[in-house]
Amino acid sequence: MREHDFEYDRDSDLPARAKRRRRGRFDDEPAPERRGRLTEEARVRLAAARADALDAEELPEAADRWSTWGDGDQGPLPRPDWVITELGAVDHELGTVKTGKEADVQLVRRSLPGTDRVSLLAAKRYRSNDHRMFHRDAGYLEGRRMRKSREMRAVATRSSFGRNLIAEQWAVAEFAALSRLWTVGAPVPYPVQRNGTELLLEFLGEQDGSAAPRLSQLRPEGAQLRRLWFELVDALHVLASLGLTHGDLSAYNLLVHRDRLVLIDLPQVVDLVANPRGMDYLVRDVRNITTWFTSRGLPTGLADAEELVSELRAEAGMA
Ligand SMILES: Nc1ncnc2c1ncn2[C@@H]1O[C@H](COP(=O)(O)OP(=O)(O)OP(=O)(O)O)[C@@H](O)[C@H]1O
Ligand SMILES: [Mg+2]
């Protein structure tokens, strides 16, 4: 059981309605057999009872679901203060940000009824029936060990169970990469949580719900172009210092949020040492993005792909 569950039981900051909900249900629960840490069995029972209680409780008007915060993997600490952790919070689906090839990104508003606490989240939902994803699987997922041979067979035969497992693995991989990168200060959206195939991320955009543009949609010039280039180089150095490269770097996977460059779409992040083709991915990432910058007018003397590759190799300790 996680720490925040205890906080929840202490009725800390919950609105009255949520407290009533909790109380009503817990009164019906058998008294816990012991205090402190719960056994696995008790934890499962408690989770099921909570899910039932949440289903039974009528959602506030216009909400689409109760906050899923308590049920998934949670983002790294220290948590930004805008993250809403109260289980009495609700989620509203505000619409589609973008339908991608392997995932859809929706805008979700999480709010705490009875308070003015609101946060906008990007819900990235991996689909399980996508072909490009299967194509990508070959290079990236190979060698990642799965716990059970049953799971391995399901993935190999691409049964619907297996496809869902693959989609979930992508979500797990992206959540882990974002958590690691955010922790060392790389410019990535804060990963709020992951549940199954859904990631909830910090929404990069404005309060009115308009999303930050992709770099590919912009036509930066002169000093702005140079500044974005140097931000990119810095970000790539942070990745390289962890022995990583993005793996699918392009002007489509970089957002410009309030004039700052942010890396997104990281499920396939590549470990330069562990992946036998690590260097190929690094070279491809650097060439792709350097080409974009030079085609926009950045002097080739500044954006030299070969030089950047060797700098990043050195940063990764592979020179
Ligand atoms: N945290 C975010 N905040 C705002 N917009 C986002 C966020 N994450 C993703 N998006 C938007 O959703 C789009 C798709 O996200 P992402 O690239 O992660 O998924 P994808 O499935 O790889 O999509 P694609 O196939 O289009 O590359 C992005 O190009 C961006 O416009
Ligand atoms: Mg993308």
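Residues numbered from 1 in each chain as written. Chains lettered and ligands numbered in written order. Predicted model: local features only at pLDDT ≥ 70, side-chain atom pairs only at ≥ 80, totals over all residues.

Going by what an unreviewed UniProt entry lists, the protein chain is known as non-specific serine/threonine protein kinase and is assigned to Kutzneria albida DSM 43870. For the protein chain, the Sequence similarities (unreviewed entry) comment in UniProt is given as "Belongs to the protein kinase superfamily. RIO-type Ser/Thr kinase family." (UniProt positions renumbered as here; feature names shortened; annotations may be inferred.)

Neighbouring ligand 1 are 22 residues; G100, A103, A122, L204 and D265 lie closest to it. Residue assignment for the shell around ligand 1 shows that the elements contributing at least two residues are β3 (90–99), β4 (103–111), β5 (118–126) and β7 (198–202). By residue class, the composition of the shell around ligand 1 is twelve nonpolar, three polar and seven charged. Here the shell around ligand 1 spans two domains, since at least three of its residues come from each of domain 1 (59–209) and domain 2 (215–315). (Near = placed C-beta within 6 Å. Helix = DSSP H or I, 4+ residues; strand = E, 2+ residues; numbered from the N terminus. Nonpolar A, V, L, I, M, F, W, Y, C, P; charged D, E, K, R; others polar. Domains from an automatic or database assignment.)

Take the pairing of β7 next. With respect to burial, β7 is a largely interior element, five of its five residues being buried. Here four bridges tie strand β6 (residues 191–195) to β7, and the two strands are oriented antiparallel to one another. Along β7, the bridge assignment pairs Q193 with L200. Linkage of β6 to β7, two consecutive antiparallel strands, is achieved through a turn of two residues, within which G196 is found at a positive phi near 55°. (Buried ≥ 20, exposed ≤ 12 C-beta atoms within 10 Å, placed from the backbone. Pairing = 2+ DSSP bridges.)

Turning our attention to the environment of L215. In this fold, L215 is placed in the loop between β7 and α7 (222–241). With 41 residues separating them in the primary sequence, L215 and V256 have C-alpha atoms 6.0 Å apart. Ignoring any residue separated from it by four or fewer positions in sequence, one finds L215 in contact with A251, L254 and V256. (Contact = placed C-beta atoms within 7 Å.)

Turning next to the packing of helix α8 (residues 278–295) against helix α9 (residues 305–315). Contact geometry of α8 with α9 gives a least axis separation of 9 Å together with a crossing angle of 140°. Put simply, α8 runs oblique to α9. Once α8 is placed against α9, the crossing between them reads as right-handed. For the pair formed by α8 and α9, the contact residues are L282, V283, V286, R287 and T290 on the first element and A305, L308, V309 and L312 on the second. (Axes fitted to C-alpha atoms, helices over the stretch in contact; angles between N-to-C directions. Parallel < 35°, antiparallel > 145°, perpendicular 65-115°, else oblique. Left-handed = near helix turned anticlockwise from the far one by under 90°.)

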